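# Residue-level structure breakdown
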Amino acid sequence: MCGIIGYTGNEPAKDIIINGLKTLEYRGYDSAGVAVLDPKTGIVLKKKTGKVAELEAAVAGDSTDATCGIGHTRWATHGGVTEANAHPHNQGSVTLCHNGIIENYKELTTEYGLKNILKSETDTEVVAALLDQFYEGNPYKTIRKVVDLLAGSFALCIMFDDQPGKIFAIRNVSPMVAASFDGGSIIASDLTALISFSKKYFVVPEYHILTLSEDGIEVQDLKGRKVEPEILEVNWDISSAQKGGYPHYMLKEINEQPEALERTVAPRIQDGLPFLADDGIDDEMLKNVKNIVIVACGTAMYAGMVGKSLIESKLRIPVLVDIASEFRYKDPIIDEDTLTIVVSQSGETIDTLEALRLAKKKGSKVLSVVNVKGSTIARESDYVLYTHAGPEIAVASTKAYTVQISAMYILAARLGLVKGIITEDQAREFMTKLSGVGEVMKKTIAASDDIRRIANHIKTAPDVFYIGRGIDYTLSLEASLKLKEISYIHSEAYAAGELKHGTIALISEQVPVIAIATEEQVYSKVISNVREVKSRGAYVILISQEGKTESEEVCDKQIYIPKIDSIFGVFATAVIIQLIAYYTSDAKGLDVDKPRNLAKSVTVE
């Protein structure tokens with residue numbers, strides 16, 4: 001959500017910043033801007049609503065030798081989508097851009113008499129005005145004073161007119177990463193903007209002031225003491241964040257899932273058994289777990305629901321899955337016997353982070369499942385199980401979802417083993433089957449023509465319904481979300497057995513109903529529910545395992561996953577539901593990778 005890029009060095013800043021903003025587009029935005037500090041003319045600021053391409057066109061004719069600048073893609077929170085509200089913001093000698101939300105900006109506006117000088121409706125400009133009001137030539141003193149007044153989350157990149165070649169930065173919650181290289185120093189809200197300059201980077205520590213210059217980056221705490229940040233290294237290359245010949249990132253990322261699963265699963269197998277020692281996950285802690293709470297948002301929460309279904313059915317350990325934005329505002333029933341598992345692709349999701357902090361206050365051990373090394377959630381957790389999906393650029397999550405599920409399966413296997421619930425032979429069999437799901441996914445991806453045809457049929461439907469039972473119901477929830485977020489078709493998911501309790505009233509002639517029926521033990525029950533909607537005129541698409549062929553009386557179209565143990569069929573089914581959403585959006589001519597109103601990483605409440 002929103003994107004920041006800042007560069008200072010020995011190269012023209014404008015082009016570097018524009019290119020950086022392009023790499024951050026996937027985060028979601030509605031306007032963009034760039035400001036460079038020209039040694040001859042001072043600040044040159046340009047902002048546009050719409051795409052980065054429009055900003056690029058607007059600055060194409062600008063001639064400047066500036067080698068220091070900042071840029072921003074804004075997703076509107078305070079104030080509408082206007083050029084005035086776009087970032088960067090300038091007040092007097094200060095120019096800055098900001099990710100996050102300043103919760104007390106109205107109070108600050110009143111207390112410091114800023115109302116008449118503000119040119120926008122944003123909380124951000126209030127910060128710029130305060131910095132300018134307090135500035136007397138010492139950036140560090142000024143930043144410390146203003147930050148002490150702010151309530152909320154923020155990542156700030158700041159330029160002062162009388163500090164040529166320097167960018168100052170500070171953050172609280174909202175993520176930023178930084179790197180220095182032969183050509184200068186760079187800072188951004190996401191690694192994708194840094195990777196073409198350096199594979200070595202560091203996560204900006206909270207409440208530390210960075211000074212970026214051509215010669216490198218200095219970090220100091222709020223007491224002025226210099227700090228050496230932990231240097232990390234990216235384990236993927238720039239091609240991983242490019243389309244690689246695919247028409248959309250989402251399709252590329254769907255196709256990358258088998259390899260992502262192998263990267264996540266293979267290192268966690270030793271002697272055929274689930275192995276988490278290299279992740280620092282303590283067997284003794286797992287042995288003492290009496291109940292589990294899984295907390296996440298959106299797709300990550302649905303991955304958690306798959307984990308709940310597996311753990312409860314196979315291990316008989318009670319699992320609660322909760323929405324992070326609800327969990328953090330109630331008094332959850334957790335204690336030292338509870339393992340709280342938080343799931344987040346970015347490791348920066350604000351509601352999930354605050355839920356983590358609440359769980360720790362309650363005495364629970366916290367294990368995070370995240371994709372980004374060094375992220376805030378990872379750093380604040382007691383234990384971390386990193387997924388290895390690589391960068392995910394499309395807003396609609398695909399490979400992050402399936403590797404999160406695989407992480408749940410590995411945890412379940414290790415948990416069952418250390419508790420003596422399953423034997424070593426059973427654990428080996430389980431991990432062998434988990435290792436084989438990549439090949440099953442490849443077969444499913446290869447047979448996508450039928451899915452494309454189905455997407456062409458449902459693209460004009462005003463409503464689509466998904467139904468399923470057990471683990472298939474949890475997949476229905478994710479399937480419905482995928483279809484809604486990128487095709488804009490109203491879609492709902494229902495437990496198939498609940499149809500007769502009211503939902504079936506929504507079924508009418510030719511309404512598409514997609515039934516997921518891959519679990520052997522409830523297959524006949526789902527088919528009975530399918531007959532109910534079919535008899536009321538629904539257009540039924542049935543997803544089942546090979547060998548479960550049904551007549552036209554039951555369904556209009558049937559999609560098969562390769563025959564596989566039911567609990568491992570989720571991975572192939574995930575591919576199908578992702579491709580249905582993808583091809584439907586593409587058939588409608590929509591922007592598959594950047595759906596309206598959505599952001600990839602939700603770092604504000």
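Residues numbered from 1 in each chain as written. Predicted model: local features only at pLDDT ≥ 70, side-chain atom pairs only at ≥ 80, totals over all residues. Heavy atoms only, no water.

### Quick look at the pattern of salt bridges
Between side chains of opposite charge, a pair can form as their charged atoms come close. Scanning the entire structure with this criterion turns up 30 salt bridges. Members of the salt-bridge network, linked through shared partners, are Glu206, Glu354, Arg357 and Glu380. (Salt bridge = Lys/Arg side-chain N within 4 Å of Asp/Glu carboxyl O.)

### As for the sheet that holds strand 9 (residues 177-181)
Strand order across the open sheet formed by eight strands is 3-2-4-1-10-9-11-14, with antiparallel pairing between neighbours. Since the sheet does not close on itself, it has two edges, and those belong to strand 3 (42-49) and strand 14 (232-233), each with one partner. As judged from the six bridges shared by strand 1 (residues 3-9) and strand 4 (residues 68-74), these two strands associate in the antiparallel manner. Along strand 4, the bridge assignment pairs isoleucine 4 with histidine 72. Docked against the sheet, helix 1 (residues 13-23) engages strand 1, strand 2 (31-38), strand 4 and strand 10 (184-188), running at close to 25° with respect to strand 4. Packed onto the sheet, helix 2 (residues 52-59) meets strand 2, strand 3 and strand 4 and runs at close to 140° relative to strand 3. (Pairing = 2+ DSSP bridges. Helix = DSSP H or I, 4+ residues; strand = E, 2+ residues; numbered from the N terminus. Contact = heavy atoms within 4.5 Å. Axes fitted to C-alpha atoms, helices over the stretch in contact; angles between N-to-C directions.)

### Focus on the packing of aromatic side chains
Under the definition given, this model contains 13 aromatic pairs. When the centroid spacing of 5.6 Å and the interplanar angle of 75° are considered together, the rings of phenylalanine 160 and phenylalanine 168 count as edge-to-face. With respect to burial, phenylalanine 160 and phenylalanine 168 carry one shared label: buried. Of the aromatic side chains, those joined through ring pairs into one cluster are Tyr135, Tyr140, Phe160 and Phe168. Over the ring of phenylalanine 134 we find lysine 145, and its NZ or CZ is 4.3 Å from the ring centre. Against the face of tyrosine 523 rests lysine 548, its NZ or CZ located 4.8 Å from the ring centre. (Phe/Tyr/Trp six-rings, centres within 6.5 Å; stacked < 30°, edge-to-face > 60°. Buried < 20%, exposed > 50% of the residue type's maximum accessible area, 1.4 Å probe, protein only. Lys NZ or Arg CZ within 6 Å of the ring centre and 35° of its normal.)

### Notes on helix 11 (residues 350-361)
Under the 1.5 Å per step criterion, the end-to-end length of helix 11 is 17 Å for 12 residues, consistent within 8% with the ideal 16 Å. Among the residues making up helix 11, those that are buried are Ile350, Asp351, Thr352, Leu353, Ala355, Leu356, Leu358 and Ala359. Looking at the buried positions of helix 11, the neighbouring elements they touch are strand 17 (291-296), helix 10 (324-327), strand 19 (338-344), strand 20 (365-370) and helix 12 (376-380). Glycine 363 occupies a position one or two residues after helix 11 and carries a positive phi of about 95°. (Expected span 1.5 Å × (residues − 1).)

### Considering the nonpolar core
In this structure, Ile292, Ile341, Tyr409 and Tyr466 are the most contacted members of the largest nonpolar core, which totals 100 residues. Of the residues forming this core, the biggest block, 13 residues, is contributed by helix 13 (residues 399-418). Judged by nonpolar contacts, the second largest core, of 28 residues, contains Tyr29, Val59, Ile186 and Leu191. (Core = buried A, V, L, I, M, F, W, Y, C linked by side-chain atoms within 4.5 Å.)

### A short note on unusual backbone geometry
With the exception of glycine, most residues fall at negative phi, and the peptide bonds are largely trans. Here the residue pair histidine 87 and proline 88 is connected by a cis peptide bond, since its omega of 0° sits within 30 degrees of zero. Within the secondary structure, proline 88 sits in the loop between strand 4 and strand 5 (89-91). One non-glycine residue with positive phi stands out, namely aspartate 271, at about 55°. Within the fold, aspartate 271 resides in the loop between strand 15 (269-270) and strand 16 (273-274). If you check the backbone angles, arginine 316 has positive phi at about 60° while not being a glycine. Its place among the elements puts arginine 316 in the loop between helix 9 (298-315) and strand 18 (319-323).

### Focus on the sheet that holds strand 20
The pairing of strands in a sheet happens through backbone hydrogen bonds and is either parallel or antiparallel. Spatially, 18-17-19-20-21 is the arrangement adopted by the five strands of the open sheet, whose pairing is parallel. Each end of this open sheet is capped by a strand with a single partner; those strands are strand 18 and strand 21 (383-386). Mean inter-strand twist for the sheet, computed between neighbouring axes without regard to direction, equals 20°. Contacting strand 17, strand 19 and strand 20, helix 11 runs over the sheet at an angle of about 165° to strand 19. In the packing of helix 13 onto the sheet, contacts are made with strand 17, strand 19, strand 20 and strand 21, and the angle to strand 19 comes to roughly 160°.

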